[in-house]
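Below are the chains, spelled out letter by letter.
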Amino acid sequence: MKKNLAFISMICLLLSGHKAYAQADGEIRIPAAGEKTLLHSGWYARRANEIRIDGNRLSASPFVADGWMAAKVPGTVLTTLLENGVFPAPEFSMNNNLIPDIYDVGRDFYTFWFVRPFRVEAWTPEQQIWLNFRGINYRADIFLNGKRLNTVTHEGMFLRKSFPVTPYLKAGEDNLLAVIVYPPDYPGSPNGGQGGDGEIARNVTMQFTPGWDWIQPVRDRNTGIWDEVSITATGAVRVQHPYVVTKVAGVRQPEGDQKDATVRISAEVENTSDAVQKGVLTCETAGRRLTLPLTLAPHEKRPVAFRELTVANPRLWWPNGIGRQELYDLRITFEAADGAVSDSRQLRYGIREITTGTSPDTGGRIFYVNGQPVFITGGNYIASEWLLRLSPERYRAEVRFHAEMNVRMIRVWGGALLERPEFYDACDEFGLLVFQDLWVSGDCNGAWEDAMKLDSRERRREYPDDHDLFLASVEDQVRMIRNHPSLCLWCGGNEWPPAEDIDRRLRCEVFPRLDPERLYVSYSTDTVLIGRNKTGVGDGPYGIQEPEWFFERHHPAFNPEAGSVGSPEVESMRMMMTESELAQVPRTGRTGGAAWRYHRDLGYGDQLERYGEVTDIETYCKYAQAVNYDQYRSFMEGWASRMWEWYTGILIWKTQNPWTALRGQMYDYFLDVNASLYGTKKGCEPLHPSYNRVSGQVELLNTGLGKHAVRVKAQVCDRSGAVCWEREADASISPASVERLFEVPVPEQVEGAWFLKLTLSEDGRELTDNIYWLTTVEKDYSALTELPPSMPEVRVSLEKSGDDYAGTVRMEADGHISFFNRIKVFDRQTGRRILPVHYSDNYVTLMPGDRKEIRLEFSSSLPKERIEIAIDSWTAARRVF
């Protein structure tokens, strides 16, 4: 159905009459070899059908800003319109319905020119200047000073492009770069299906943009110059696509001296000139310098390899929670015969070796790092931000959150995108293995019959329309990220393989040639990965479960996605909906209001009401956090309880949302954490005392590589904090194993909620505790709202260095239980939250006499006196420090 024509006409008028006030930057610096100058400011945009001349004439004409708007680059057409106030923020309420969808208004509505006027400093005669695009969605033609740079129209979201521009640049004069960007050829209908009507998958682009069951449609399908634009300079010889392979023989330990490792280094060199070029290719890494004399014929391009390097006593890279993430710097440089540096490439890599095998017990995939089997815990990652407002800082915060959850793997889901290099940099730093999908999904690519889809299942299995473009995009992106030690495996698609010929060429040609050291599986639920599957279901479920459910047997052995709830804190809820919308909270037997459904509320069944009546948004969020914590702690403990016996790995669906959704997240769109993160963190402790909700036993879970002799203490307490029963046991536990210790009796003298505290000590030092709230009355935790008031002693210290804050919150309980203390950070003057904040723990429960120290880190330009630390608790009013 077409949108209201009057409304569309009004929007067109707003755009055509827009005045631009942003000014282009000053003179662009020509960078040295191996460096780059980013072109991320000074851009302007305008709808293409308002420009009556072609790109050659446009880019050759003096630029006048009238009628143009300041553009967001990197960014999309929609983010440019949002930053210019044309539309309201689509994350809030149901504002997204106020933005025209490309399916209704046509592709021309979101086809835009992006121009960048600039001046450039002079360069030397030996220099070749390059203009580089790291991502344009979807088609584009690129013009500079009256010259079309691309001889074939660019197509595809994921292909990088680099153009020699030396002949067309004018030093010290006005230059104009003009790019016309066209939306995907088949934007598809946002009809409520997964990926809408599926037509989006005919393109080589991200599939979730017409909508999914966790997100509303992206109205322009993320059309734009969405990733980095840069200027680089080289001499006659370019160095491209460096490739590092490390080999770590045998079974290693994270600590102590190491036997030798080997490093194999190669690259591609290209002579861009008409003359023979001679020189030396050098590689510097690990305190060594390798050289390779080369002679290149005119326009010759070829791969070259250095001799194998042996590294003595190497500093090994390990996954999160197992060992350190050691990284090495590497630089490859081509020096011409006269000693001048023609080109240089730098990267960081880790010395590690990942191999895989099949569990003889379950058939599930086992991943070995440096010879050691790693029990995989992790989460599914959709995209950092739904409108591709990406940044290294946001990537780093998100990946750090995953490390703080104690998980070891992030799956980059196939309906979105291959993330930018800065994401994988963060994974390298924090030790998160990456399970990398390609751009295929069962929903859009024909895994099953679907009445919401336009084409038949058979036709969808042949998507995308251009198989060569898909393969070329894969080759380019593999070269972009293959040196990251965090990259663990490649996967052809989510729940379904790519088209048969694409899958065959990936398996037999592309990965054996470009990345032979990593596993490739055709799809995420392939039995090669998940193991023997007796149920016919390869992943899931996706809704809230009883805590006991996680301790019962389920297939598959390696589950690539199983998910649950994850509603955020009340402050975030108020940034998602109006107060009247928030008042329509879901209750047992009744869904929330229209805005709740619009933000894809998953629902908690009756689990919130087990704590008390849900009367408003405050009680909703309060109870939701308790359920979140218990749900995900049980989730991770249940799987680890049957480590190797039933399971080899589990990935949560999902750990984050790229927009303001109300399901499956450890932290929300605004980067505020919720209790799901800390329940996961607790359940994934590498050495962890656990309570099996089915057997009633205390178990000791060791997912690390160390052998430990420990003492486990269990205490059953009533709601006053009095100890009703306790027991201690010494235990020895081997690496990556489970020990079942003793049963815990249910206290008959307690009616309703009671507490179980498990404490783990080694060599007389307490390592961790784990506090459960349980009940003798089935599914009734309402007595927790009647706990006696408790006011722990709190001491806060905070230090600032530049814009970086680090602090501690020390809490000591009084004679009562202090239940579920949530620490938050605010601007004291405005009351706004400071985000993101990284806490060593949160949602902390203290038994009488307990002491806790919570560390926190965040960045803010605010002075110290403006920082406010608040503590919310079930057993005390908010306290502010």
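Residues numbered from 1 in each chain as written. Predicted model: local features only at pLDDT ≥ 70, side-chain atom pairs only at ≥ 80, totals over all residues. Heavy atoms only, no water.

K.L.:
So, the overall build of the chain: which residues are in play, and what are the values?
P.N.:
Regarding its fold elements, the chain presents 15 helices and 44 strands. When the backbone C-alpha atoms are referred to their principal axes, the chain occupies close to 90 × 70 × 60 Å. Contacts in the chain between residues at least 24 apart in sequence constitute 72% of all its contacts with a sequence separation of at least 6. Accessible surface, the chain as shown: approximately 32100 Å² in total, 48% of it carbon and sulfur. (Helix = DSSP H or I, 4+ residues; strand = E, 2+ residues; numbered from the N terminus. Contact = heavy atoms within 4.5 Å. Areas by Shrake-Rupley, 256 points an atom, 1.4 Å probe, with all protein chains shown as cover.)

K.L.:
Can you tell me about the packing of aromatic side chains, naming the residues and giving the values?
P.N.:
Per the counting criterion, the structure on display carries 50 aromatic pairs. A ring pair is formed by Trp773 and Phe820, whose centres lie 5.5 Å apart and whose planes are at 75 degrees; its orientation type is edge-to-face. Note that Trp773 is positioned in strand β36 (residues 765-775) and Phe820 in strand β39 (residues 818-827), a separation of 47 residues in sequence. Here Trp773 matches Phe820 in class, with each residue buried. Each ring, one from Tyr805 and one from Phe858, has its centre 4.9 Å from the other, and the planes form 15 degrees; the classification is stacked. Of this pair, Tyr805 sits in strand β38 (residues 804-812) while Phe858 sits in strand β42 (residues 851-859), and the two are 53 residues apart along the sequence. Its relative accessible area of 2% is what places Tyr805 among the buried residues. Clustering of aromatic rings is evident, with ring pairs tying together Tyr611, Tyr623, Tyr629, Tyr678, Phe755, Trp773, Tyr781, Phe819, Phe820, Tyr843 and Trp874. (Phe/Tyr/Trp six-rings, centres within 6.5 Å; stacked < 30°, edge-to-face > 60°. Buried < 20%, exposed > 50% of the residue type's maximum accessible area, 1.4 Å probe, protein only.)

K.L.:
Mind laying out the sheet that holds strand β14 (residues 277-285), listing which residues take part and the relevant values?
P.N.:
In space, the 4 strands of this open sheet follow the order β15-β14-β18-β19, with antiparallel pairing throughout. Strands at the two margins of the open sheet, each flanked by one partner only, are β15 (288-296) and β19 (341-349). Averaged over all pairs of adjacent strands, the angle between strand axes in this sheet comes to 15 degrees, irrespective of strand direction. Inspection of the sheet shows β14 paired to β15 by 9 bridges, in the antiparallel sense. Looking at β15, one finds that Gly279 is bridged to Leu294. (Pairing = 2+ DSSP bridges. Axes fitted to C-alpha atoms, helices over the stretch in contact; angles between N-to-C directions.)

K.L.:
Could you give me a rundown of the packing of helix α5 (residues 392-404) against helix α6 (residues 421-430), with the residues and numbers involved?
P.N.:
Helices that pack against each other are described as a pair by the angle of their axes relative to one another and the distance between those axes. Contact pair α5 / α6: the axes reach a minimum separation of 9 Å and the direction vectors enclose 35 degrees. Relative to α6, α5 is oriented so that their crossing is right-handed. Taken together, the residues of α6 that come into contact with α5 (itself represented by Pro392, Tyr395, Arg396, Val399, Arg400 and Ala403) are Glu422, Phe423, Ala426, Cys427, Glu429 and Phe430. Class assignment of the residues belonging to the contact of α5 with α6 gives a composition of 8 nonpolar, no polar and 4 charged. (Left-handed = near helix turned anticlockwise from the far one by under 90°. Nonpolar A, V, L, I, M, F, W, Y, C, P; charged D, E, K, R; others polar.)

K.L.:
I'd like to hear about the sheet that holds strand β35 (residues 753-762), residue by residue, with values.
P.N.:
Spatial ordering of the open sheet is given by β33-β32-β35-β36, a layout of 4 strands whose pairing is antiparallel. Here the strands that pair on one side only, and so sit at the sheet edges, are β33 (723-733) and β36. Strand-to-strand twist across the sheet, computed as the mean angle between neighbouring axes with direction ignored, equals 15 degrees. Where strand β32 (residues 708-717) and β35 come together, 7 bridges link them in antiparallel fashion. Across the sheet, residue Val712 finds its bridge partner in β35, namely Leu760.

K.L.:
Describe in detail the side chain of Thr680, supporting the description with residues and values.
P.N.:
Residue position: Thr680 is located in helix α15 (residues 675-683). Overall, the relative accessible area of 0% leaves Thr680 in the buried class. At 2.8 Å, the side chain of Thr680 and the backbone oxygen of Ser676 are in polar contact. Beyond its immediate stretch of four places on either side in the chain, Thr680 contacts Met405, Val407, Tyr632, Arg633, Met636, Ile652 and Met666. (Polar contact = N/O pair within 3.5 Å; in protein donor to acceptor, adjacent residues only side chain to side chain.)

K.L.:
Go over the pattern of salt bridges with me, naming the residues and quoting the values.
P.N.:
A side chain with one charge can pair with a side chain of the opposite charge if their charged atoms come near. Per the stated rule, a full pass over the model turns up 73 salt bridges. Arg513 is the salt-bridge partner of Glu475, the closest N and O atoms lying 2.6 Å from each other. Taken together, the residues span a long stretch of sequence, with Glu475 in helix α8 (residues 467-481) and Arg513 in helix α9 (residues 500-514) at a distance of 38 residues. Its relative accessible area of 18% is what places Glu475 among the buried residues. (Salt bridge = Lys/Arg side-chain N within 4 Å of Asp/Glu carboxyl O.)

K.L.:
Pulling in residues and values, what's your account of the state of the cysteines?
P.N.:
Disulfides are covalent bonds that connect the sulfur atoms of two cysteines. On inspection of all chains with the given rule, the structure shows 0 disulfides. The structure places no disulfide on Cys717, whose sulfur is separated from the nearest cysteine sulfur, that of Cys724, by 6.7 Å. (Disulfide = S-S within 2.5 Å.)

K.L.:
Tell me about the side chain of Asp526, and please be specific about residues and values.
P.N.:
Topologically, Asp526 is positioned in the loop between β27 (519-521) and α10 (527-530). It turns out Asp526 is buried and unbridged, and the closest side chain with the opposite charge, Arg507, is 4.7 Å from it. In terms of polar contacts, Asp526 uses its side chain to reach the backbone amide nitrogen of Val528, at 3.0 Å. (Lys, Arg positive; Asp, Glu negative; His and termini not counted.)

K.L.:
Now, about the packing of helix α14 (residues 617-641) against α15: what can you tell me, with residues and values included?
P.N.:
One way to put it is that α14 packs onto α15 with a least axis distance of 7 Å and a crossing angle of 30 degrees. With respect to α15, the axis of α14 lies roughly parallel. Both α14 and α15 take part in a crossing whose hand is right-handed. Judged by residue contacts, Gln625, Asn628, Tyr629, Tyr632, Arg633, Met636 and Glu637 of α14 engage Ala675, Ser676, Tyr678, Gly679, Thr680, Lys682 and Gly683 from α15. Looking at the contact of α14 with α15 residue by residue, the classes come out as 5 nonpolar, 6 polar and 3 charged. (Parallel < 35°, antiparallel > 145°, perpendicular 65-115°, else oblique.)

K.L.:
So, α14: which residues are in play, and what are the values?
P.N.:
The terminal C-alpha atoms of α14 lie 35 Å apart, and with 25 residues this matches the ideal 36 Å at 1.5 Å per residue to within 8%. By the criterion of burial, α14 is predominantly enclosed, with 23 of the 25 residues buried. The N-terminus of α14 is capped by Asp616, whose side-chain oxygen sits 3.2 Å from the backbone nitrogen of Glu618. (Expected span 1.5 Å × (residues − 1).)

K.L.:
An account of α15 is requested, with residue identities and associated values reported.
P.N.:
Counting buried positions along α15 gives 9 out of 9 residues, so the element sits mostly inside the fold. Capping the start of α15 is the job of one residue whose side-chain oxygen sits 2.7 Å from the backbone nitrogen of Ser676: Asn674.

K.L.:
Now, about the confidence of the model for the chain: what can you tell me, with residues and values included?
P.N.:
Overall, the prediction assigns the chain a mean pLDDT of 95, with 97% of residues at 70 or greater. When the criterion is pLDDT under 50, residues 1-10 qualifies, and its contacts beyond four places in sequence or with other chains add up to 13 contacts. (pLDDT = per-residue confidence, 0-100.)

K.L.:
How would you sum up the pairing of strand β5 (residues 128-133)? Please name residues and give values.
P.N.:
β5 sits mainly inside the fold: 6 of its 6 residues count as buried. Here β5 shows a buried face lined by Gln128, Trp130 and Asn132 and a second buried face lined by Ile129, Leu131 and Phe133. Bridge count for β5 against strand β11 (residues 229-234) is 6 bridges, and the pairing is antiparallel. Residue pairing for β11: Gln128 is matched across the bridge by Thr234.

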